[in-house]
Amino acid sequence: MACRTAILISGSGTNLQAFIDAVAAGDLDLELCVVFSNRPDAFGLERAEKAGIPTSCIRHGDYPDRESFDRAVAADLDRHAPELLILAGFMRILSPAFVEHYAGRILNIHPALLPKYPGLDTHQRALDAGDEWHGSTVHFVTEELDGGPRILQGRLRVNAGESADELQTRVQAVEHRIYPEAAGLVGSGRVLFDDGEAIIDGKRAADPVIRSY
Ligand code: GRF
C-alpha cells in the first residue's frame with residue numbers, strides 16, 4: 001500500500017507539482033491524500049484540484065496563537081490519516097506539539113546545503129560567501145528550525161557572475177528532483193527517523209546522500 005502523504009503549502013507549489021507529476025508518471029509510490037494550505041489564494045490549491053487531490057485550507061489569522069492554529073491543522077489533516085507530511089513552501093513555524101504529534105514523519109526542503117544557511121536569503125548568502133557549491137536539502141523536521149537530520153542534498157556549482165534569482169531558479173529545478181526522491185525513500189521505509197537521527201538503508205547517517213547536478 002502506498003504511503004498516505006499530506007502536502008502542506010502556502011504558495012505557488014512548484015514542488016507540489018513535482019510530486020503530482022512523479023506520482024502520475026508512476027515514478028513515485030505515494031498516495032497524495034490531501035493538500036493543505038494556510039492561505040486560500042495559494043496557487044498550489046489549484047494544482048491539487050486539477051490533479052483530483054482533496055484540498056483543505058485553514059487561515060492562520062483566524063487563530064489567536066500558533067498552538068491553537070496547529071491543533072486545528074492537525075485535527076484537519078488527521079481526517080485523511082496521513083502517514084507522512086511534506087512541507088513544500090509551507091511558510092509557518094511549527095509548534096513543538098505539532099512536531100511531536102507527527103514525530104519522524106514530517107519532511108521539509110530548505111534551499112541551502114544545510115547546515116549552511118538556515119533561515120532566509122540563502123541564495124544571496126551563498127553568493128556573498130563565494131561558495132563553489134550551493135543547492136537544497138531534504139531533512140526530517142524537528143523542533144530546531146532547518147535543523148533536523150538530513151536525508152538528501154542536491155548540489156550544483158555556482159556560476160561566475162550569476163544573480164541570486166538565477167541561482168534560485170536552478171536550485172528549484174534541483175528541488176523538483178530530490179524532494180520526490182527523498183519522500184519516496186521515506187515512504188518505502190528505506191529511510192527512517194530514529195532517536196533524532198536519520199537511518200538510511202539500515203545505517204545511522206551523519207551525512208545525507210548527495211546528488212550533484
Ligand atoms: C522552495 O524553494 C523550498 O526550498 C522552500 O520553499 C520553496 C517552495 O516553492 N522551502 P514552491 O511553492 O514549491 O514553488
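These figures come from a predicted structure and were not determined experimentally.

**Q** Honestly, the side chain of T5 in this entry has me stumped. Any pointers?
**A** Within the secondary structure, T5 is located in strand β1 (residues 3-9). You can call T5 buried: its relative accessible area is 0%. Of the polar contacts made by the side chain of T5, one reaches the backbone oxygen of C3; its length is 3.0 Å. Apart from residues no more than four positions distant in its own chain, T5 is found in contact with L30, E31, L32, C33, V34, L84 and I86.

**Q** Quick question: what am I supposed to make of the layout of surface pockets here?
**A** Sizing a probe to match a water molecule and rolling it over the atoms shows the empty space that remains. Its boundaries defined by the atoms lining it, the largest pocket holds a volume of some 1,000 Å³. Taken together, 37 residues line the largest pocket, and the ones lying closest to its centre are G89, F90, M91, I109 and P111. There are two domains that each give the lining of the largest pocket at least three residues, and those are domain 1 (1-102) and domain 2 (108-213).

**Q** What am I meant to see in the side chain of S136 here?
**A** You can see S136 is positioned in strand β6 (residues 133-140). Given the relative accessible area of 0%, S136 is considered buried. Separated by 2.8 Å, the side chains of S136 and E175 make a polar contact. Residue contacts for S136: discarding those within four places in its chain leaves I109, H110, P111, A112, L113, L152, Q153, G154, V171, E175 and I178.

**Q** Any chance you could explain unusual backbone geometry here in plain terms?
**A** Leave glycine aside and you will find that most residues have negative phi; peptide bonds, for their part, are mostly trans. Residue P115 is reached from L114 by a cis peptide bond, and omega for that bond is 15°. Within the secondary structure, P115 sits in the loop between β5 (106-110) and α5 (122-128). For A81, which is not glycine, the phi torsion reads 50° and is therefore positive. Position of A81 relative to the elements: it lies in the loop between α3 (66-78) and β4 (84-87).

The rules behind the values
- Residues numbered from 1 in each chain as written.
- Predicted model: local features only at pLDDT ≥ 70, side-chain atom pairs only at ≥ 80, totals over all residues.
- Heavy atoms only, no water.
- Helix = DSSP H or I, 4+ residues; strand = E, 2+ residues; numbered from the N terminus.
- Buried < 20%, exposed > 50% of the residue type's maximum accessible area, 1.4 Å probe, protein only.
- Polar contact = N/O pair within 3.5 Å; in protein donor to acceptor, adjacent residues only side chain to side chain.
- Contact = heavy atoms within 4.5 Å.
- 1 Å grid on protein atoms, 1.4 Å probe; cavity = no way out; pocket = protein on both sides within 12 Å on 5 of 7 lines; lining within 4 Å.
- Points joined across faces, edges and corners; volume = space filled by probe spheres on them.
- Domains from an automatic or database assignment.

Fair warning: the whole summary comes from geometry, so function is off the table for now.
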